[in-house]
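Here is how the chains run, residue by residue.
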Amino acid sequence: MPGMSSAIRHEGVVEPAGAAATSRGAPEPTLSGWGRQTVRGREILGENLEALTKGAVLSRGLGRSYGDSSLPAQASDKVVATRLANRILAFDSGTGVLRAEAGLSLADMNQLFIPRGWFTPVTPGTKFVTLGGMVASDVHGKNHHREGCFGAHVRALRMRLADDSIVECSPTKDEDLFYGTIGGMGLLGHILEVECVLHRIPSPWILQESERVRDIDEYVTALNTAAPTWPMTVGWIDCLSQGSALGRGILMAGRWAEPDEAPKLPPREPRPITVPFDFPNWAVNPLTVSVFNGLLYWKHMDQFGRGIVSPDTFFYPLDMLLHWYRGYGSRGFTQYQCVIPRAAGAPAVREFMQLLTKLGGASPLCVIKDCGPQGKGLLSFPMEGTSIAVDMAVSPDIQRIVDSLNEFVIATGGRIYLTKDRFTRAEHFRAMEPRLPAFEAVRAKWDPKRRLRSAQSVRILGDRAA
Amino acid sequence: MKAVILGGTSGMGRAIAQRLVERGDSVFLLGIPESDLVRSAADLKARNPKGEGGGYALLDLERPEGFAAALDAADAALGGFDAVIVTAAMFASQDALEADVELTRRLVTINYANTVVFCEHARKRLLARGGGKLTVFSSVAGDRGRKPVAIYGSSKAGLAIYLEALDHKFHAAGLSVLCVKPGFVKTAMTAGLKPPPFAGEPDQVARDVVSAMDAGKPVLYTPRMWALVMLVIRWLPRFVMRKIGF
């Protein structure tokens, strides 16, 4: 069944194929975030974002945000899926300026541009995201201390606003709209096109150094020491370790390899494995996690390691496991990611880890990163300090755990990452986000009725649900 | 490969066009509207490793009088094409078609009559230069007379038989005909339907189509699992087909 033709004039005659499904009594369509939170609703899929976003209240890309950022507030809300709008509109091979439709995926971009010696200035930990999503989340990466967030490299956005008009904004034109959209979770308008700058890379390979780290204090010091010399750093933490080994793990630092260091041939295209079905809900438990973490820690036999790896290995290790959320079973999972400001000091990071261990947030995945200064996005997540991200299975205790962690983070002056969040309370978010009134003022200007919204904006910003 | 693609601005056609240019093949787009062709042509140009290409011409499948000129434009731009790919077609639900006979006339004209006319123009040009590849999208809907796709499916069935005959008749002369039968693929056309277990993505279809073209296969079910599904459906007896709803 090929798609509706691009070679026939058919405006207004073809009824949506969906009608047949409902008349046959098919199950209600649903949408999910990456953590398996599922709500009733359907996405409208198509190539022409300009046409599709008319009257829509939310756009979503590849649905990789963990919580409810990309989910509709109610089933009848019009949600646009942008992933088929993936055309590159212009690329200047002199300056690296790229303009593309918002649904272009980073996976696509990497495949096209790494062989030509270009790479996105900032990449998140998965390549299965769209350009629009990277802007809406103002994604950060292992190089935040050097390059800031993705938004710092965006030059212009073409947007469909709440009043259905279409505008182009930039750091010099309607800058309040522009900076409100960078990290604004899609709440100020639908992103139709993105213009950003790619960076030159000397080779398609990464030179990586890794080091076993004995505890959390050593970690914070090691991250700070590595920051000036390495453009990219990240650490994995065994968050079940306790006592003197609390926060032991492996620190990785990397940079693009120079041509004389890199292998002659480009990296081979990775062949990911699909997690074929839901694991039982008990599969991820403290025992299995501690065995997994122990293996991962001691697999790093030597204190230090150094080698050439592919960008996929370095940036996107989890992309090798398609549908890895299935490992957590049908209960789903959430990720808690916060930043603890440098001003709160290294002891605050240790205290956070102690609290996490005490609350029983058993996780095979706990990632620690160094953040540089806060960017210009009005709700952009990172701030100078230490970012910690930890996966947690959804359990009856989860709300209590997230509340306790949030109260700790508020006390340190830190904040959480909306793209990962599913359980933070409105009052907690307001307490940790002094920039919220400024964002709300911009929103009041561009969307006074708050027509654009998501399940998350209802939960956290108090938008009306229906 | 120097390929002309009719329908290459959207859905599976776009994915095929992108895949071809990314590996260095030349692509010329045919279709409407022009605003869409301009954007897709820019995309293909940016994706081409050498930044080449980006040609297009207007072609409306409802206006067969323009077919020859559009193919001539493609031929001139590509310096003689050696592959023609047709993904364009029209879809409408069975309910909509039953309610509107004029819509039915348009759909069967576009999907069968005019597509065959276009293929005849293309086929003659290819044979005149000693052969080439002709890849045309039929559908699994054309494998069996089924209630929800009675009219659409019949237009695709007719097309499939035509393509089979072309293969029989001109294979020896160097024409490599590929009839593509996609199953459920997540595109704008199927948006809103609950995807069945073997639903495919346009990229996956594009990968299958390009490798089937390279291998010179005559028929392709994609995603592959649909070959098995349709094998079962083709063998279902009439009394079962009368009872069931698909």
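Cut-offs and rules
Residues numbered from 1 in each chain as written. Chains lettered and ligands numbered in written order. Predicted model: local features only at pLDDT ≥ 70, side-chain atom pairs only at ≥ 80, totals over all residues. Pairing = 2+ DSSP bridges. Helix = DSSP H or I, 4+ residues; strand = E, 2+ residues; numbered from the N terminus. Axes fitted to C-alpha atoms, helices over the stretch in contact; angles between N-to-C directions. Contact = placed C-beta atoms within 7 Å. Domains from an automatic or database assignment. Nonpolar A, V, L, I, M, F, W, Y, C, P; charged D, E, K, R; others polar. Buried ≥ 20, exposed ≤ 12 C-beta atoms within 10 Å, placed from the backbone. Core = buried A, V, L, I, M, F, W, Y, C linked by C-beta atoms within 7 Å.

Re the sheet that holds strand β5 (residues 132–137) of chain B
All names here are of chain B.
Item 1. Ordered in space as β3-β2-β1-β4-β5-β6-β7, the seven strands form an open sheet in which the pairing is parallel. Of all strands in the sheet, those bounded by a partner on one side alone are β3 (55–58) and β7 (219–222). Averaged over all adjacent pairs, the angle separating strand axes in this sheet is 15 degrees, with direction ignored.
Item 2. Note that strand β2 (residues 26–31) and β3 share four bridges and pair parallel. Across the sheet, the residue bridging to Gly31 is Leu58, located in β3.
Item 3. Set on the sheet, helix α5 (residues 101–128) makes contact with β1 (2–6), β4 (83–86), β5 and β6 (175–182); between it and β5 the angle comes to about 170 degrees.
Item 4. Most of the contacts of helix α6 (residues 150–170) go to β6, to which it runs at about 155 degrees, and overall it touches β5 and β6.

Comments concerning the domain arrangement of chain A
All names here are of chain A.
Item 1. Splitting chain A by domain gives domain 1 (88–201) and domain 2 (206–427).
Item 2. Centre-to-centre, using C-alpha coordinates, domain 1 lies 24 Å away from domain 2.
Item 3. Contacts between domain 1 and domain 2 engage 27 residues on the former and 26 residues on the latter.
Item 4. Among the elements of the structure, α5 (144–147) and α6 (175–181) are those that each provide at least two residues to the side of domain 1 that touches domain 2.
Item 5. For the side of domain 1 that touches domain 2, the element with the highest residue contribution is α5, accounting for three residues.
Item 6. Considered class by class, the residues forming the side of domain 1 that touches domain 2 number nine nonpolar, 14 polar and four charged.

A few points about the pairing of strand β11 (residues 189–197) of chain A
Residues and elements named next belong to chain A.
Item 1. Across the nine residues of β11, seven count as buried, placing the element largely inside the fold.
Item 2. Of the pairings in the sheet, the one linking strand β7 (residues 97–101) to β11 comprises five bridges and is antiparallel in character. Within β11, the residue paired with Arg99 across the bridge is Glu195.
Item 3. In the sheet, strand β9 (residues 154–161) pairs with β11 via seven bridges, with the strands oriented antiparallel. Pairing of Val154 across the sheet is with Cys196, part of β11.

Some words on the nonpolar core
Item 1. Membership of the largest hydrophobic core comes to 189 residues, with the highest contact counts inside it found for A:Val135, B:Val4, B:Ile5 and B:Ile16.
Item 2. Taken together, domain 1 (88–201) and domain 2 (206–427) of chain A each give at least three residues to this core, which thus spans both.
Item 3. Sequence-distant contacts of B:Ile5, that is, excluding residues within four places in its chain, are made with B:Gly13, B:Ile16, B:Ala17, B:Val27, B:Leu29, B:Leu30, B:Ile85 and B:Thr87.
Item 4. Listed in part, the six residues of the second largest apolar core include A:Trp205, A:Trp256, A:Phe314 and A:Tyr316.

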